[in-house]
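Structural characterization, general
Given next are the chains, with one letter for each unit.
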Amino acid sequence: DAKTTQPPSMDCAEGRAANLPCNHSTISGNEYVYWYRQIHSQGPQYIIHGLKNNETNEMASLIITEDRKSSTLILPHATLRDTAVYYCIVGGSEKLVFGKGMKLTVNP
Amino acid sequence: GAVVSQHPSRVICKSGTSVKIECRSLDFQATTMFWYRQFPKKSLMLMATSNEGSKATYEQGVEKDKFLINHASLTLSTLTVTSAHPEDSSFYICSARGLAGSEQYFGPGTRLTVT
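Notes on the structure in this doc start here. Quick caveat: nothing in here was measured; it's all calculated off a predicted structure.

Here we come to the overall build of chain A. Across its full length, chain A holds zero helices and nine strands. For chain A, the sequential pattern of α-helices and β-strands runs β-β-β-β-β-β-β-β-β. Its C-alpha radius of gyration of 13 Å places chain A within 12% of the 13 Å reference for a compact globule of 108 residues. Dimensions along the principal axes, computed over C-alpha positions, put chain A at roughly 40 × 30 × 20 Å. In chain A, which comprises 108 residues, the share counted as buried stands at 43%.

What follows is the structure, encoded as structure tokens:
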């Protein structure tokens, strides 16, 4: 079973920041938080991952709370092409178990 | 990010036949590859994990004799759906990972339709 909880859907205005929440209250000390997204009929795309510290790359920022029980993926300037299902996944060095994810719709 | 390819992207086969799907890591050596299937409007379901040169580990409920996995090299894994039936119609996606703990990169998926 997935170890994360995400809202089923979220809307965001184009050009605004999209803040995608994820709860993972049962995360273990050596487990990472991964974020992927899937655009319809394509394979999932890796976005970012982190362990304890906040992370930033060219796609997004990942903010992990100090107790590591939740995190937020931030898309700083959402575009229409960011419309997708976003998956927050907690895992160690082995397999990734996908939950239901969250459908982000970016509106013009 | 790293590139993972799948071939074919779409395949239609008749019931009772077998279909082979290839998954390749194009610019890195994949010590571990994973196979998922996804039904419409559903999330990805992990089918099996394969490490190069060893037998695949199947998830509970996945028939290993029906879904044959071979991971003969560090850049290639194959999934063969044997004696396919219409209920095997699905979107099959592979992923590959280099070092343990590193991120997985996914292929574009293969749409299988069994008639």
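Don't stop here, the text continues.
Time to look at the pattern of salt bridges. Residue and element names in this part refer to chain B. Throughout the structure, instances matching the rule amount to five salt bridges over all chains. Close ionic contact of E22 with R24 constitutes a salt bridge, the shortest N to O distance being 3.4 Å. In this structure E22 comes out as partly exposed when scored by relative accessible area, which is 24%.

With that settled, consider the interface of chain A and chain B. Each partner contributes residues to the interface: chain A has 17 residues there, and chain B has 22 residues. Summed over both partners, the interface of chain A with chain B comes to about 1400 Å²; 52% of that surface belongs to carbon and sulfur atoms. Applying the counting rule to chain A against chain B returns one salt bridge. Note that B:E59 and A:K95 form a salt bridge whose closest N and O atoms lie 3.0 Å from each other.

Looking now at the side chain of B:Q38. Checked against the element boundaries, B:Q38 lands in strand β4 (residues 32-38). A relative accessible area of 9% places B:Q38 in the buried class. If near-sequence neighbours (up to four positions away) are discounted, B:Q38 is found in contact with A:Q38, A:Y87, B:S43, B:L44, B:S90, B:F91 and B:I93.

Attention now goes to the pairing of strand β5 (residues 45-51) of chain B. Residues and elements named next belong to chain B. Across the seven residues of β5, five count as buried, placing the element largely inside the fold. Between the antiparallel neighbours β4 and β5 lie six residues, among them K41 with a positive phi of about 60 degrees. Strand direction decides the pairing type here: β5 and strand β6 (residues 57-58), joined by two bridges, are antiparallel. Along β6, the bridge assignment pairs A48 with Y58.

Residue and element names in this part refer to chain B. On the basis of which strands lie adjacent, the open sheet formed by four strands has the order β1-β3-β8-β7 and antiparallel pairing. Edge positions in the open sheet fall to β1 (4-7) and β7 (67-73), since each of these has one partner strand only. Across the sheet, the axes of successive neighbouring strands diverge by a mean angle of 15 degrees, strand direction being ignored. Alignment of β7 against strand β8 (residues 76-81), held across five bridges, turns out to be antiparallel. Its bridge partner lying in β8, L68 is registered against T80.

About the cut-offs
- Residues numbered from 1 in each chain as written.
- Chains lettered and ligands numbered in written order.
- Predicted model: local features only at pLDDT ≥ 70, side-chain atom pairs only at ≥ 80, totals over all residues.
- Heavy atoms only, no water.
- Helix = DSSP H or I, 4+ residues; strand = E, 2+ residues; numbered from the N terminus.
- Rg over C-alpha atoms; globule rule 2.2 N^0.38 Å.
- Buried < 20%, exposed > 50% of the residue type's maximum accessible area, 1.4 Å probe, protein only.
- Salt bridge = Lys/Arg side-chain N within 4 Å of Asp/Glu carboxyl O.
- Contact = heavy atoms within 4.5 Å.
- Buried area = accessible area lost by both parts, 1.4 Å probe.
- Pairing = 2+ DSSP bridges.
- Axes fitted to C-alpha atoms, helices over the stretch in contact; angles between N-to-C directions.

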